[in-house]
Amino acid sequence: MLGSIVGVLFDGLAYGMLLFLLSVGLSVTLGMMNFVNLAHCSFAMVGGYAAVWLTGRAGWPFLAALPAAFIAGAGVSLVLERMLYRRLYRASDLDQCLFTIGIAFMSVAAAAYFFGTVQQSIDTPRWLEGTVAAFGMRFSAYRLFLIVASLAVAALLVWALERTRFGARVRAAVDNQRMARGLGIDVDRAFMITFALGGGLAGLGGALAVAMIGLDPGFAFTYLVYVLIVVAVGGLGSIGGSLAAAALLGISDMAGKYYFPWLGAFLIYLVMVGLLMWRPAGLFGKR
Amino acid sequence: MASASAFFAGQVRWHAAEVAFWLATLLPFVAAPSYLSLASQIAITALFALSLDLILGYGGLVSLGHAAYFGVGAYTAGLLSKHWLGEPLTGLAISALVAGVVGYLSSHVIVRFRHLALIMLTLGFGLLLFEAANSTSAITGGADGLQGVEISPLLGFKFDLYGRTAYAYSLAVLFLCFLACRRVIHSPLGLALRGIRENAQRMPAIGASSRAHLRKAYTIAAVMAGIAGALLTQTTSTVSLETLSFGRSADVLVILILGGAGRLYGGILGAILYMVARDQFSGVNPQYWYFWIGLLLVAVVMFLPNGVLGGASALYKKRQ
């Protein structure tokens, strides 16, 4: 019994960390510009397919494909932001929603066209396969790697936001965009960089997701819901909030699937609706 | 006071183009008898889009989960005919009532929120019902859909293979709902809704409680969406899980935006364009169909913000 609880906690934490990587960029950019980007998971898909292609066809090692996935996600989001998104910052919620749903639809079709609708797989190095023994239990090495890597990314992000000048600009823009502009902060530029970073992190998350939850063209919508839940529950623009919400969601989803498999995702949606009704700005949100 | 009633009287006058449009909806009976099933689907989709127009186009509430009420109507009609009675008109009325109750209850929550929380709540509510229907497969049939729906003849007319009864039925219901909708938006409630859409803070300040108005509109929209869902069940004799899916919510949003939101005829025109195009390109792999839908959405948002009807009326005004 105890073993199964620890196992569920561990798997849920690994899953939650994946969700954190996928959603943290959206959380910060949404907090900054109030731009509802429903195509965020498409950036993750770009990273995932880039990693699959690089390791499978081009023969790159897995660890080299991860930064490449980050760059692919960041590059695509940067191009889209410069060309299209920036025109819609002042548009209504509805226009932003429709526009980004349109982009997501196109990305799904494009992925199906180039890679087919099959589930993709990725070769991980030998040392990430198998299990690690600790405390009399065995843990999947890959999931352990996922947790460590995501926590490292989270620590790096918190450091960058709290300790650097750029981070101060971003925090100012999230707290009060008008005031930040008034103080001479180039919010558009800060936003562009944050958006690209967020896209890159999503790309990294997408690449790491392949070996754990798989990758197919439906990814852009299947995980969009989870990402939005993390953002909405964690509160806009809060990295700690996203981390906590992602871990909570990952663990409760795993527990739900393990202990109440017949309920499916019902429990998760119920928790989300309940939490939003209780605190519309998210658990850790300020607004 | 007299001027106010004169204003409303002027609003409700029928335009010649409207009369011509409704007469033209009878054309498929003689001109395209082999397409009556499609025409019936279009009428149902148009009704669904019309119901969304009421809350989105007029009230300004963005909903990503409007299929919830469509699905509730569809499943109510299906379960009624399977277990109790197959009489379509009673089934339609009960389905409308059930969807209305669900809509009324959820409206209390939904009208409190705006922006991301609103989008997430409507999405979450839609997904919740989808998962509920999916996991209670003993009642709903789960992913296989509800089997064994049998609809008795409508006022003595059987639902034939060509869809003659189906189209006449759907069209009549659509027209009646359209009349109701037209009445609503030209009433003080409709004016209040438009006021809320334009400035949600100002309406309460001038003495119109925005939440009460939105709740009313939301309930009416849920009733109409439920009717559309029940019509789909009754004309096709099946209920699939897809009636509750996110895809259906997204589709109806696309349809409304394509036609032009907040224009009453936008949803109907959008449904005609969308459904005919989908029928014509049915050979295309559905995966790729969504590529063009995506492109269309992007193009409409960037170049045609008020949909086809909005673009047409802007062009017409420019000419004059």
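Residues numbered from 1 in each chain as written. Chains lettered and ligands numbered in written order. Predicted model: local features only at pLDDT ≥ 70, side-chain atom pairs only at ≥ 80, totals over all residues.

Chemist: Help me understand the overall build of chain B in this model?
Modeler: Along the backbone of chain B there are 16 helices and 0 strands. Relative to the globule expectation of 20 Å for 320 residues, the C-alpha radius of gyration of chain B, 19 Å, shows essentially globular dimensions. Oriented by its inertia axes, the alpha-carbon framework of chain B measures out at about 55 × 45 × 45 Å. Counting over 320 residues, chain B shows a buried share of 50%. Partitioning the intrachain contacts of chain B with sequence separation of at least 6 by distance along the chain shows that 79% fall at a separation of at least 24. (Helix = DSSP H or I, 4+ residues; strand = E, 2+ residues; numbered from the N terminus. Rg over C-alpha atoms; globule rule 2.2 N^0.38 Å. Buried ≥ 20, exposed ≤ 12 C-beta atoms within 10 Å, placed from the backbone. Contact = placed C-beta atoms within 7 Å.)

Chemist: Before we go on, may I ask you to explain the overall build of chain A in this structure?
Modeler: Scanning chain A from terminus to terminus reveals 11 helices and 2 strands. Reading chain A from its N terminus to its C terminus gives the helix and strand order α-α-α-α-β-β-α-α-α-α-α-α-α. Since a compact globule built from 287 residues should have a radius of gyration of about 19 Å, the 19 Å found for chain A is in line with a globular shape. Taking as baseline every contact in chain A between residues at least 6 positions apart, the subset at least 24 positions apart corresponds to 77%.

Chemist: Any chance you could explain the confidence of the model for chain B here in plain terms?
Modeler: When pLDDT drops low, the exact placement of atoms in the prediction is not to be read closely. When pLDDT is averaged across chain B, the result is 84; 96% of the residues are at 70 or more. The ipTM for the predicted assembly is 0.80, set against a pTM of 0.84. (pLDDT = per-residue confidence, 0-100.)

Chemist: So what exactly am I meant to see when it comes to the packing of helix 5 (residues 141-163) of chain A against helix 6 (residues 165-175) of chain A here?
Modeler: A pair of packed helices is captured by two measures, namely the crossing angle of their axes and the spacing between those axes. Residues and elements named next belong to chain A. Interaxial distance between helix 5 and helix 6 falls to 5 Å at its minimum, and their mutual angle equals 80°. Viewed along their axes, helix 5 and helix 6 adopt a mutual orientation that is roughly perpendicular. Of the residues in helix 6, those in contact with Ala160, Leu161, Glu162 and Arg163 of helix 5 are Gly167, Val170 and Arg171. Its residues placed into classes, the contact of helix 5 with helix 6 shows 3 nonpolar, 1 polar and 3 charged. (Axes fitted to C-alpha atoms, helices over the stretch in contact; angles between N-to-C directions. Parallel < 35°, antiparallel > 145°, perpendicular 65-115°, else oblique. Nonpolar A, V, L, I, M, F, W, Y, C, P; charged D, E, K, R; others polar.)

Chemist: Could you clarify how one ought to interpret unusual backbone geometry in this entry?
Modeler: Where the residue is not glycine, phi is negative for most of them; where a peptide bond is considered, it is trans in most cases. All names here are of chain B. The phi dihedral of Ser237 falls on the positive side, at around 60°, and the residue is not glycine. Ser237 sits in the partly exposed class, given 17 other C-beta atoms within 10 Å. The backbone of Leu264 sits at a positive phi, close to 65°, despite the residue not being glycine. Relative to the elements of secondary structure, Leu264 occurs in the loop between helix 13 (246-259) and helix 14 (266-280). Among the residues examined, Leu264 registers 22 C-beta atoms within 10 Å and is labelled buried.

Chemist: Sorry if this is basic, but what is going on with the interface of chain A and chain B here?
Modeler: A common way to express how large an interface is: the accessible area buried when the components associate. Across the boundary between the two partners, chain A contributes 35 residues, which contact 30 residues of chain B. Sorting the residues of the side of chain A that touches chain B by element identifies helix 4 (93-115), helix 9 (219-234) and helix 11 (266-278) of chain A as the ones contributing at least two each. Per-element tally for the side of chain A that touches chain B: the top contributor is helix 4 of chain A, with 16 residues. Residue composition of the side of chain A that touches chain B, grouped by class: 30 nonpolar, 3 polar and 2 charged.

Chemist: How do you make sense of the confidence of the model for chain A when you look at a structure like this?
Modeler: Overall, the predicted model of chain A reaches an average pLDDT of 85, with 98% of residues at or above 70. Between the elements of chain A, mean pLDDT differs from a low of 74, seen in strand 1 (residues 131-134) of chain A, to a high of 91, seen in helix 3 (residues 62-83) of chain A.

Chemist: Got a minute to help me understand the environment of Phe29 of chain B in this structure?
Modeler: Residues and elements named next belong to chain B. Locating Phe29 in the fold gives a position in helix 3 (residues 28-31). With 14 C-beta atoms packed within 10 Å, Phe29 lands in the partly exposed category. Counting along the chain gives 12 residues from Phe29 to Ala17, while the straight-line C-alpha distance between them is 20 Å.

Chemist: Can you help me understand the environment of Leu248 of chain A in this one?
Modeler: Among the secondary structure elements, Leu248 of chain A is positioned in helix 10 (residues 239-259). Residues Leu248 of chain A and Val233 of chain A lie 15 residues apart in sequence; the distance between their C-alpha atoms is 9.9 Å.

Chemist: Help me out: how do you make sense of helix 11 of chain A in this one?
Modeler: Given 3.6 residues to a turn, an α-helix orients residues that are three or four positions apart in the same direction. Relative to the 18 Å expected for 13 residues at 1.5 Å per residue, helix 11 of chain A spans 18 Å between its end C-alpha atoms, a close match to the ideal helical length. Packing partners of the buried residues in helix 11 of chain A comprise helix 9 and helix 10 of chain A together with helix 7 (115-135) of chain B. (Expected span 1.5 Å × (residues − 1).)

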